[in-house]
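Notes for the structure review
What follows is the residue order along each chain.
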Amino acid sequence: MSKRPVVLVVMDGIGISDNEFGNAVKAAYKPTLDELWGTCPHTEIKAHGLAVGLPTDGDMGNSEVGHNALGCGQIYSQGAKLVNENIETGEIFNTDTWKDLVANCKDGKMHFLGLLSDGNVHSHINHLKALIKRAKEDGVKEVRIHALLDGRDVPETSALTYVDDIEAYMADLNDDNFHACIASGGGRMTITMDRYEANWAMVEQGWHVHVLGEGREFASAREAIETYRNETGVVDQDLPGFVIAKDGKPVGTIEDGDSVILFNFRGDRAQEISLAFDNENFDKFDRVRVPNVMYAGMLQYDADLCIPKNFLTQPPKIKYTLTEELCKHNIREYAISETQKYGHVTYFWNGNRSEKVNPALEDYVEIQSDVVPFEQRPWMKAAEITDVLCAAIESGNYDFLRTNYPNGDMVGHTGNFEATVIGVEAVDLQLARVKKAVDAVNGILIVTADHGNADEMYEKKKKEDAPIKAKTSHTLNKVPFIIYGADVELKQDENLGLSNVAATVADLLEVAPNEHWNESIIKK
Ligand code: 3PG
Ligand code: CO
């Protein structure tokens with residue numbers, strides 16, 4: 001085994017684009033990244049579409065598929081693709097889970113909760129449509145939608161496009177024997193879709209509007225969105241929760257005998273609300289009333305913890321991960337990030353498993369994230385992560401260390417260009433400290449990213465004189481891959497992507513790559 005520790009830094013959301021316009025990465029003062037790029041072996045690698053197991057090359061990258069590919073060295077068909085296939089073949093409706101969900105609510109309602117957009121990161125509206133249609137065909141009489149508004153994986157004020165689309169779709173299906181409508185909703189960063197236990201209060205608010213029907217009442221989702229926009233000026237992801245009511249009564253509280261399907265396929269932001277429905281010993285907040293429902297997820301979000309118990313699509317069975325392989329060689333691993341991305345370098349990295357392969361060899365550290373709008377604190381916890389990471393590097397206790405700096409992504413998602421520039425600069429400042437710690441132990445540093453975001457902060461203009469619109473979502477761009485401190489030559493190949501990184505790490509640690517992995521980026 002190499003005596004030289006390897007440190008891998010994921011600069012979340014920092015992609016490469018030649019465009020100056022709205023490029024917060026280019027605009028940032030980042031002497032360390034520029035120096036590394038200018039003086040070290042480097043290349044650009046793919047982080048979106050087919051290269052990370054998404055249905056098409058039109059699909060932007062995201063942290064789940066990105067970290068999965070980084071951590072397992074292979075390309076697996078991911079949730080977005082698996083659900084498409086499961087629906088296209090009709091397999092999903094032949095499962096016992098679907099049949100039980102239908103049977104369970106024959107005298108009640110079928111509720112669909114999830115992110116209402118075509119972002120294809122957490123969910124897709126087409127999946128929802130297919131489920132509603134089939135529910136009707138299978139004899140379900142009452143369907144309720146609990147719509148989380150996106151504006152983070154799709155344009156920032158696009159919620160009405162999806163609301164109108166699903167309302168029209170349901171209107172076509174509705175008849176004397178079948179009735180589907182929206183029952184509640186709210187912005188995805190305000191209610192329900194918290195992750196990694198950063199802010200349980202969001203989930204509690206979601207529970208109140210979706211389950212209990214408690215919240216500000218409106219006659220329609222459109223009215224709620226328009227009213228909140230006028231009153232608050234906030235974008236879709238931050239809109240407050242709402243309840244749809246008729247004659248002063250919520251139209252779709254969740255009651256005993258109902259079925260509930262979370263139609264999101266991605267796991268990080270689906271776990272907490274799943275636990276609230278599915279865990280008998282739940283104690284994160286007072287649920288007030290716990291309806292006796294059958295609950296299922298579109299996927300199983302964590303196979304180790306069985307969250308949720310019922311699910312409609314088998315998640316990819318990710319095998320031969322880098323961690324599994326390194327554990328076989330007694331390599332001591334260390335992973336650290338702040339709450340918002342902690343699960344990215346642990347759970348996503350290890351193929352959506354939250355358990356360690358060998359606890360004696362793996363140490364994982366979480367730095368508590370602030371619960372604030374990140375455009376107000378674009379430096380986030382980058383310095384605190386680095387304090388602890390540098391100590392770990394210099395301790396000599398670890399052979400492979402990895403971290404994720406969330407700034408380019410989390411601040412990028414706010415759509416605030418100036419703040420995102422500062423976020424990128426904050427990462428660069430810390431990169432200088434990591435580099436110094438790596439030097440101190442004669443280590444090797446890898447710098448890369450999981451997907452782009454900060455590299456495109458404005459929507460592409462459709463017309464030259466159109467106003468500039470903030471872009472909150474990820475990009476299709478490639479990401480940097482740099483190796484500092486090793487005398488190696490890197491391949492320059494159009495087709496290299498995140499799944500080529502695991503074998504590269506193994507090379508640097510002088511461990512034979514697993515035969516199932518995609519090739520190393522290092523020329524031999
Ligand atoms: C989110 O969940 O914040 C976005 O939908 C995707 O961002 P991530 O893939 O970078 O986590
Ligand atoms: Co992101």
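All figures in this text were calculated on a predicted structure; none of them were measured in a lab.

Quick word on the overall build of the protein
The helix and strand inventory of the protein stands at 17 helices and 16 strands. Here the C-alpha atoms of the protein give a radius of gyration of 23 Å, agreeing with the 24 Å that 2.2 N^0.38 yields for 524 residues. Sorting the 524 residues of the protein into buried and exposed places 58% on the buried side. Within the protein, counting contacts between residues at least 6 apart in sequence, those at least 24 apart form 78% of the total.

Here we look at the UniProt feature "domain: Metalloenzyme" (unreviewed entry) in the protein
Here, the residues flagged by UniProt with the feature "domain: Metalloenzyme" (unreviewed entry) are residues 5-511. Span residues 5-511 is 34% helix and 17% strand, its end C-alpha atoms 13 Å apart.

Brief notes about unusual backbone geometry
Looking along the chain, the bond that leaves Ile307 and enters Pro308 is cis, with omega of -15 degrees. By the secondary structure assignment, Pro308 is in the loop between β10 (294-299) and β11 (311-313). Despite not being glycine, Tyr196 shows a phi value in the positive range, around 50 degrees. Among the structural elements, Tyr196 can be located in the loop between β5 (179-187) and α9 (200-212). C-beta crowding within 10 Å serves as the criterion here: with 21 such atoms nearby, Tyr196 is assigned to the buried category. You will see that Cys306, though not glycine, has its phi angle at about 50 degrees, which is positive. Relative to the elements of secondary structure, Cys306 occurs in the loop between β10 and β11. Exposure remark for Cys306: the 12 C-beta atoms within 10 Å place this residue in the exposed category.

Some details on the nonpolar core
Judged by nonpolar contacts, the single largest core of 155 residues is most densely connected at Val6, Val7, Val9, Phe112, Leu116, Ala502 and Val505. A domain-level breakdown of this core finds at least three residues from each of domain 1 (6-77 + 319-508) and domain 2 (80-313). Filtering out sequence-adjacent residues up to four positions away, Leu116 remains in contact with Ile125, Ala147, Leu148, Leu149, Asp150, Tyr162, Val163 and Ile166.

Examining the domain arrangement of the protein
Here the protein is described as being made up of domain 1 (6-77 + 319-508) and domain 2 (80-313). A straight line from the C-alpha centre of domain 1 to that of domain 2 covers 31 Å. The partner domain 2 presents 24 residues to the 23 residues of domain 1 that form the contact. Partitioning the side of domain 1 that touches domain 2 into residue classes produces 5 nonpolar, 13 polar and 5 charged.

Re the sheet that holds strand β13 (residues 362-367)
Strand order in this open sheet of 7 strands is β2-β16-β15-β1-β14-β12-β13, and the pairing throughout is mixed. Lying at the two open borders of the sheet, with one neighbouring strand each, are β2 (42-45) and β13. When strand polarity is set aside, the average angle formed by the axes of neighbouring strands in this sheet is 15 degrees. For strand β1 (residues 6-11) and strand β15 (residues 444-448), the ladder comprises 5 bridges, and the chain directions are parallel. Across the sheet, residue Val9 finds its bridge partner in β15, namely Val447. Strands β1, β12 (333-338), β13 and β14 (400-405) of the sheet are contacted by helix α13 (residues 339-348), whose axis makes an angle of about 155 degrees with β12. Along the sheet, helix α16 (residues 417-440) contacts β1, β14, β15 and β16 (479-484); its crossing angle with β1, the most-contacted strand, is approximately 175 degrees.

Comments concerning the UniProt feature "binding site: Mn(2+) 2" (unreviewed entry) in the protein
UniProt records the feature "binding site: Mn(2+) 2" (unreviewed entry) at Asp12, Ser63, Asp450 and His451, using the numbering of this structure. Spanning 440 residues, the named residues nonetheless gather at one spot, since no C-alpha pair among them exceeds 7.7 Å. Structurally, the position occupied by Asp12 is in the loop between β1 and α1 (24-27). Here Asp12 is in contact with Ser63, Lys341, Asn404, Tyr405, Pro406, Gly408, Asp409, Ala449 and Asp450, once residues within four sequence places are set aside. Mapping His451 onto the fold places it in the loop between β15 and β16.

Examining the site of ligand 1
Neighbouring ligand 1 are the residues Asp12, Asn62, Ser63, Glu64, Val121, His122, Arg152, Asp153, Arg269, Asp409 and His413. Counting contributing residues, the shell around ligand 1 receives three or more from each of domain 1 (6-77 + 319-508) and domain 2 (80-313).

Section: the pairing of β10
In terms of residue burial, β10 counts as a mostly covered element, since 6 of its 6 residues are buried. In the sheet, strand β9 (residues 259-262) pairs with β10 via 4 bridges, with the strands oriented parallel. Opposite Val260, over in β10, you have Tyr295 as the bridge partner. With respect to chirality, the unit in which β9 leads through helix α11 (residues 271-278) into the neighbouring parallel β10 is right-handed. One ladder, built from 2 bridges, connects β10 with β11; its direction is parallel. For Leu299, the partnering residue across the bridge sits in β11 and is Thr313.

Conventions we followed
- Chains are numbered independently. Their residues run from 1 in the order of the written sequence.
- As they are written, the chains are lettered A onward and the ligands numbered 1 onward, keeping that order.
- Confidence filtering applies because this is a predicted model: local features only for residues at pLDDT of at least 70, side-chain atom pairs given and counted only at 80 or more, and all residues used for totals across whole chains, interfaces and linings.
- Secondary structure elements follow DSSP: runs of H or I no shorter than four residues count as helices, runs of E no shorter than two count as strands, and numbering proceeds from the N terminus.
- The globule rule used for comparison is 2.2 Å times the number of residues to the exponent 0.38, while the radius of gyration itself is calculated over C-alpha atoms.
- To sort residues by exposure, count the other C-beta atoms lying within 10 Å of each residue's C-beta; 20 or more gives buried, 12 or fewer gives exposed, and values between give partly exposed, all with C-beta atoms placed from the backbone.
- C-beta atoms are placed from the backbone for every residue, and two residues are taken to be in contact when these atoms lie within 7 Å.
- UniProt positions are given in the numbering used here, feature names are shortened, and annotations may be inferred rather than shown by experiment.
- The nonpolar core criterion groups buried Ala, Val, Leu, Ile, Met, Phe, Trp, Tyr and Cys residues into a set whenever they are joined through C-beta atoms within 7 Å.
- For the domains described, the bounds stem from an automatic or database domain assignment.
- Note on residue categories: nonpolar means Ala, Val, Leu, Ile, Met, Phe, Trp, Tyr, Cys or Pro, charged means Asp, Glu, Lys or Arg, and polar means any other residue, Gly included.
- A strand pair is defined by DSSP finding two or more bridges across the two strands.
- Lines are fitted to the C-alpha atoms to define the axes, a helix being fitted only along its stretch in contact, and any angle between axes, read from their N-to-C directions, falls within 0 to 180 degrees.
- The rule is simple: place the C-beta atom from the backbone, and if it lies within 6 Å of a molecule or strand, the residue is near it.
- Handedness of a crossover: with both strands directed away from the viewer, a clockwise path from the first strand across the helix to the second marks it as right-handed.

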